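Here's the letter readout for the chains.
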Amino acid sequence: MIESQQVGMPDLRGFMPCYALVDPYFGDYPPGWVALERCDSFDRLERERGDAWDGRSAFVARGLQPLIEPARLPYIVQLTSVTDPVLTTIARVCEQEHTNLIDGDGFAAFRLGNLIETWLEPADLMRRLEAMWRFQYAGMKPRYLRIGDRRVIEAISHLIDAERMADWLGPIARWHFINRNLQWVAITGDTESGWCSDAGF
């Protein structure tokens, strides 16, 4: 269910780990750092991305059958606290991305704007996210769903009801995203239902 909406900083609980979800599909963040040419190992990708985020811990998807190039898949960066300066950076970047979309030619790469609060270990969280972005419908082959783009999460939150949204998030306690009005929105998962392996709608 949608739990809260607010301008400024997200309504983080502070008693559970929080991760920023980064979507490098159209190029990594921070700008100028290109990971796509250096994906010779998952360990190296995590280490270099962590360094790019000022030494914070970064975790990448390690699935054996990725739907797209592994370095283009979303990854998570663990925040140090609810007052981590990265939160200010994320809000500023999202505002600039929004401006680029409005003032430009209708295209903008949205790389930031999703935060995840969960008790899941990072490796388990990445496996959950991998299941969520493997979208399959009516017997078709799995397709890649760009859940790292905050606009996708906002659209899904309007297309399915609160119960199905909570089931889809499953063990993810709270998912925060910046909506089209540049407000932080928090939606909650059904953490009591256990692990849903297919993560389908």
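Everything below is about the structure shown above.
Note that the coordinates shown come from a computational prediction; the quantities given were computed from them, not determined experimentally.

Along its length, the protein carries five helices and nine strands. Each helix and strand of the protein, ordered N terminal to C terminal, gives the series β-β-α-β-β-α-β-α-β-β-α-α-β-β. For the protein, the residues scored as buried account for 48% of the 201 residues in total. A sequence separation of at least 24 residues applies to 66% of the contacts in the protein between residues at least 6 apart. Just so you have it, the protein exposes about 10,100 Å², and 51% of that area is on carbon and sulfur atoms.

Now for the pattern of salt bridges. Following the criterion strictly, the structure yields 15 salt bridges and no others. Taking the shortest distance from any N to any O, the salt bridge between Glu48 and Arg44 comes out at 2.9 Å. One end of the pair is Glu48 and the other is Arg44, both in helix H1 (residues 42-52) and four residues apart, which spans about a single turn. Among the charged side chains, a salt-bridge network with shared partners connects Asp11, Arg13, Glu117 and Arg174.

The next thing to look at is the environment of Asn100. When you line up the elements, Asn100 lands in helix H2 (residues 86-103). In this structure, the C-alpha to C-alpha distance between Asn100 and Phe110, residues 10 residues apart in sequence, is 9.9 Å.

Here the focus is a nonpolar patch on the surface. Among the surface-exposed residues, Phe135, Tyr137 and Met140 lie close enough to one another that they form a single nonpolar patch of about 320 Å² accessible area. Mapped onto the secondary structure, Met140 falls in the loop between strand E6 (134-135) and strand E7 (143-144). We classify Met140 as partly exposed; its relative accessible area is 42%.

This paragraph deals with helix H4 (residues 150-159). Burial in H4 covers these residues: Arg150, Val152, Ile153, Glu154, Ile156 and Ser157. Tucked inside the fold, the buried residues of H4 contact H2, strand E5 (114-117), helix H5 (162-169), strand E8 (174-178) and strand E9 (184-188).

The alternating pattern of E5 places Asn114 and Ile116 on one face and Leu115 and Glu117 on the opposite face, and all of these are buried. Sheet analysis places strand E2 (residues 18-22) next to E5, joined by four bridges and oriented antiparallel. Of the residues in E5, the one forming a bridge with Leu21 is Asn114. Taken together, the four bridges between E5 and E8 define a ladder with antiparallel strand orientation. Looking at the pairing, Asn114 lines up with Phe177 of E8.

Let us look at H2. Look at H2: 25 Å from first C-alpha to last across 18 residues, which is about the 26 Å you get at 1.5 Å a residue. Buried within H2 we find Val86, Leu87, Ile90, Val93, Cys94 and Glu97. Taken around the axis of H2, the buried residues stretch over an arc of 125°, which confines them to a single face. For H2, exposure combined with an orientation more than 90 degrees from the buried face picks out Arg92, Ile102 and Asp103. In this structure, the buried side of H2 is in contact with E2, E5, H4, E8 and E9.

Let's shift gears to the side chain of Glu130. In this fold, Glu130 is placed in helix H3 (residues 122-133). Arg127 is the oppositely charged side chain nearest to the buried, salt-bridge-free Glu130, at an N-O distance of 6.7 Å. If we ignore the near neighbours within four places in the chain, the residues touching Glu130 are Ala61, Arg62 and Gly63.

Rules and cut-offs
Residues numbered from 1 in each chain as written. Predicted model: local features only at pLDDT ≥ 70, side-chain atom pairs only at ≥ 80, totals over all residues. Heavy atoms only, no water. Helix = DSSP H or I, 4+ residues; strand = E, 2+ residues; numbered from the N terminus. Buried < 20%, exposed > 50% of the residue type's maximum accessible area, 1.4 Å probe, protein only. Contact = heavy atoms within 4.5 Å. Areas by Shrake-Rupley, 256 points an atom, 1.4 Å probe, with all protein chains shown as cover. Salt bridge = Lys/Arg side-chain N within 4 Å of Asp/Glu carboxyl O. Patch = residues over 30% accessible without salt bridge, like charges linked within 9 Å, V, L, I, M, F, W, Y side chains within 5 Å. Pairing = 2+ DSSP bridges. Expected span 1.5 Å × (residues − 1). Arc of directions from axis to C-beta. Lys, Arg positive; Asp, Glu negative; His and termini not counted.

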